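Chain by chain, the residues run as shown.
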Amino acid sequence: MEKNIVFIKIFLTVFFVLGGTSPLAMGESVTYSGVTFPLGDVSFADIVIDFTPGSESGESDGSAVIGPPNGEVGPSIIGAKGDVTLGKGGSIILKFTNNFLIDGEGLDIYIYEYGPAVEPFKVEISKDGIEWIDLGVISGQPTGVDIHGKVNSGDKFSYVRLTDPTSYSPQNPSEIGKELYYGADIDAVGAIGSEQRPDSDEDGIADDDDTCPNTPTGVTVDAKGCPISTDSSCTACFSAIAPESRGDIASGTVPLTIQFKDCSYSDPIAWHWNFGDGGVSFAQDPTWVYSKPGKYTATLTVTCKDGGKDTISATVEGWDTPQTSCPVSFSVAINSANPKEVILTPIVPCPHAQAIRWKYGDGFEDMYNIGLGSPSDPHNRLYSDYGTYTIIMEVIFATDTEIASQNVRISPSSTGDIPSYNSVAQITSNNLGSFTVNNAGDVYFVDYTKGTIGVIGADGTEKVVTSGIDRPRSPVFDSRGDLYVGSFDGTIQKITPDGTKTVIASGIWSPQAMGCDADDTLYVAGGYDGNIYKITKTGSITNIPSGFPNPKHLVVTQSGDMFVVNDKGSLIKKISRGGVSSNLVDLGKPIKGMTIEDQKIYVSYDDTVAMVDLNGKVTPLKIGLDQPAAISVQNGVLYVAVDGGTVMIK
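Analysis parameters
- Residues numbered from 1 in each chain as written.
- Predicted model: local features only at pLDDT ≥ 70, side-chain atom pairs only at ≥ 80, totals over all residues.
- Heavy atoms only, no water.
- Helix = DSSP H or I, 4+ residues; strand = E, 2+ residues; numbered from the N terminus.
- Buried < 20%, exposed > 50% of the residue type's maximum accessible area, 1.4 Å probe, protein only.
- Contact = heavy atoms within 4.5 Å.
- Areas by Shrake-Rupley, 256 points an atom, 1.4 Å probe, with all protein chains shown as cover.
- Pairing = 2+ DSSP bridges.
- Axes fitted to C-alpha atoms, helices over the stretch in contact; angles between N-to-C directions.
- Phe/Tyr/Trp six-rings, centres within 6.5 Å; stacked < 30°, edge-to-face > 60°.
- Lys NZ or Arg CZ within 6 Å of the ring centre and 35° of its normal.
- Core = buried A, V, L, I, M, F, W, Y, C linked by side-chain atoms within 4.5 Å.
- pLDDT = per-residue confidence, 0-100.
- Salt bridge = Lys/Arg side-chain N within 4 Å of Asp/Glu carboxyl O.

Caption draft 1: Structural context of the overall build of the protein chain. Helix and strand counts for the protein chain come out as zero helices and 53 strands. Evaluated residue by residue, the protein chain yields a buried proportion of 50% over its 650 residues. Contacts spanning at least 24 positions in sequence make up 56% of the contacts within the protein chain whose residues lie at least 6 apart. Within the structure as shown, the protein chain displays about 28600 Å² of accessible surface, and the carbon and sulfur contribution to it stands at 50%.

Here's what the structure looks like:
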């Protein structure tokens, strides 16, 4: 039988609040770094609830973030600066004890982040420290966030969690070496959208947090508003050992026997245990049996040599029947406002799961204690790059761990509406390179090494149309059925249906993609001079700057608007018929092929074929393809060159 020792650590918030809690009255508005806080200095976070420094943080307790910003920017060395470095993967949870964060006019919360590099961090807010609202990954000096639209009207928040989302990477190479530690450097967190919390006895603890009301004036209190000895010299700590526990809560089937082990330090002299079910003990390391199912709060109060006291609590849980696991799964949704963010919702159909561990497939993972929430609580993950990731969910039960996984595609699309491009047929040919398709569905392709143009008929037969072209590339049909092909020697050749070749232009160095408008004017991307060549039916040629040094992909609308992509580029640039250039959309991945039909652009990239409308909206049509490259469309059917042949997607 597995044993798990659950260590419970106290966070001495009393030492993080101005050396013990004392009243902090609302003052006049204050301004720091050009940001005004209407409630004055009470607007700033008062308590460090939890600080988990990441690797290479160099921090200890996180207390430097409490109160207003002091603007002390310096190396990330404890005691040598006025901010807190999160560290790689680190996080800090803060609480407003004198005020609430609310949705006001304009920006509502400010985070002062200092240091020689602007580093990102994830911001979340909570009413109770259990359920969190994700405000996203942001950065700046200082950073302001408007929570409007993300919270309900009248909501009041007490907690803020900041998390380092990625490895540190200075934006400017000259910054390297100037900062000793990784992660954002947080100086202060303030609520500009703020409402003061009532504190009737003026002890610095708001009434809704004060478990000891009517404290006399001048008495120092702890984080719960209860009087404490200010010279306490010991710290409470304990672990709870339960045979069936596998998560962060000591738990098991009733009657549940738990061994409580004291780990308090600095020489306590007395121990008082309250087990939460009416039972008490004065032993240092008691054993207690819970006879009824339920969740209980076990509390240890230690007395120090100097008469001071310290207290810590933890939750234990007893079950009514032995708990077994069950098959689990999870759903995945894409944030329509940010396609790099996914919402993961566990599906756990049986009770008493103890914890969930998420592995995101990008090197990061999280573990959540279900005792602080529901197993069906959704969880957000923000990825830094587009791609396909294997997400693994491990649900920990008392007896074993159940695992579910999914491959999730993160792409630039902001919609989940996928057209019916899912019927796939294979056209086999080992010679397919760049190609185009005529109205009859015949695939015309170039053989770069042989210098030939071939065709695969709709019936699957293959033949050579013409030969003798120097390294042909980028075939395209005009409305009359004539085929145009570029040549390495700089010529553009027209090939009629009977195979007759005619040179219509020359001197275009390494021509790349081509397209035609409604007038059958031909447009050719010059691969090495950055120009687009406009060739009319009369033979006149006009040069149009593409805005790229090596334009590789080009499509043209019926009205003559051009869309062009640089070699190995991800940005689609629009050039209007009048020559006005603008950016359409950046897919974040190198584009391998591009074609157009009915005002819709189709592109291939990574393992995906997607549709891009003329406003830049991206809709993936097919994913999981094997190295998709050249692409053509005819009458609503897509033809995509993949490794080993061409896939026809209807």
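Once you've had a look at it, read on.
Caption draft 2: Geometry of the sheet that holds strand β46 (residues 581-586). If you walk across this open sheet you meet the four strands as β43-β44-β45-β46, and the pairing is antiparallel. Edge strands, defined here as strands with exactly one partner in the open sheet, are β43 (551-556) and β46. Taking each pair of neighbouring strands and ignoring which way they run, the sheet shows an average axis angle of 25°. Pairing analysis gives five bridges linking β43 to strand β44 (residues 562-566), with the strands arranged antiparallel. Each residue of the ladder has a partner; that of V555, found in β44, is F563.

Caption draft 3: Layout of the packing of aromatic side chains. Tallying each qualifying case throughout the model produces 14 aromatic pairs. Here the aromatic rings of F260 and W273 are separated by 5.4 Å at their centres, their planes lie at 45°, and the arrangement is tilted. Linking F260 in strand β17 (residues 256-262) with W273 in strand β18 (residues 268-274), this pair joins segments that are 13 residues apart in sequence. An identical accessibility class is assigned to F260 and W273; each is buried. Through a chain of ring-to-ring contacts, three or more aromatic side chains come together here, namely Y32, F37, F44, Y110 and Y112. Taking the ring centre of Y383 as reference, the NZ or CZ of R381 above it sits at 5.9 Å.

Caption draft 4: Broad picture of the pairing of strand β38 (residues 501-505). Note: strand β37 (residues 492-495) against β38, four bridges, orientation antiparallel. Looking at β38, one finds that I495 is bridged to K501. Where β37 hands over to β38, the hairpin turn is made up of five residues, of which G499 adopts a positive phi near 95°.

Caption draft 5: Region of interest: the nonpolar core. Counting 27 residues, the largest nonpolar core has L162, I186 and V189 as its most contacted members. Secondary-structure elements contributing two or more residues to this core are β4 (47-52), β6 (91-95), β8 (109-114), β9 (121-126), β12 (159-163) and β13 (185-191). With residues near it in sequence (within four places) discarded, L162 still touches L86, G90, S91, I92, I111, F121, K122, V123, I186 and V189. Core analysis: the next-biggest nonpolar cluster, separate from the first, contains 22 residues, F238, A240, W271 and V302 among them.

Caption draft 6: Focus on the confidence of the model for the protein chain. Summing up the model confidence of the protein chain, the mean pLDDT is 79 and the portion of residues at 70 or higher is 80%. Mean pLDDT in the protein chain bottoms out at strand β1 (residues 4-8), which sits at 28, and peaks at β44, which reaches 95. Low pLDDT, under 50, characterises residues 1-26; the predicted model gives this stretch 75 contacts beyond four residues in sequence or across chains.

Caption draft 7: Quick peek at the sheet that holds β38. Spatially, four strands are ordered β35-β36-β37-β38 in an open sheet, and the strand pairing comes out antiparallel. Every other strand in the sheet has two partners, leaving β35 (473-477) and β38 as the edge strands with one partner each. Each neighbouring strand pair of the sheet contributes to a mean axis angle of 25°, computed without reference to strand direction.

Caption draft 8: Layout of the pattern of salt bridges. Applying the stated rule across the entire model yields 12 salt bridges. One salt bridge in this structure joins E394 and R357, with 2.7 Å as the shortest N-O distance. In this pair, E394 is assigned in strand β28 (residues 387-396) and R357 in strand β25 (residues 355-359), connecting sequence segments 37 residues apart. Owing to a relative accessible area of 22%, R357 belongs among the partly exposed residues under this scheme. Among the ionic pairs, D362 bridges to R381, the shortest N-O distance being 2.9 Å. Within this pair, whereas D362 is found in the loop between β25 and β26 (365-369), its partner R381 is found in strand β27 (residues 379-382), the two being separated by 19 residues in sequence. The class for R381 is buried, based on a relative accessible area of 10%.

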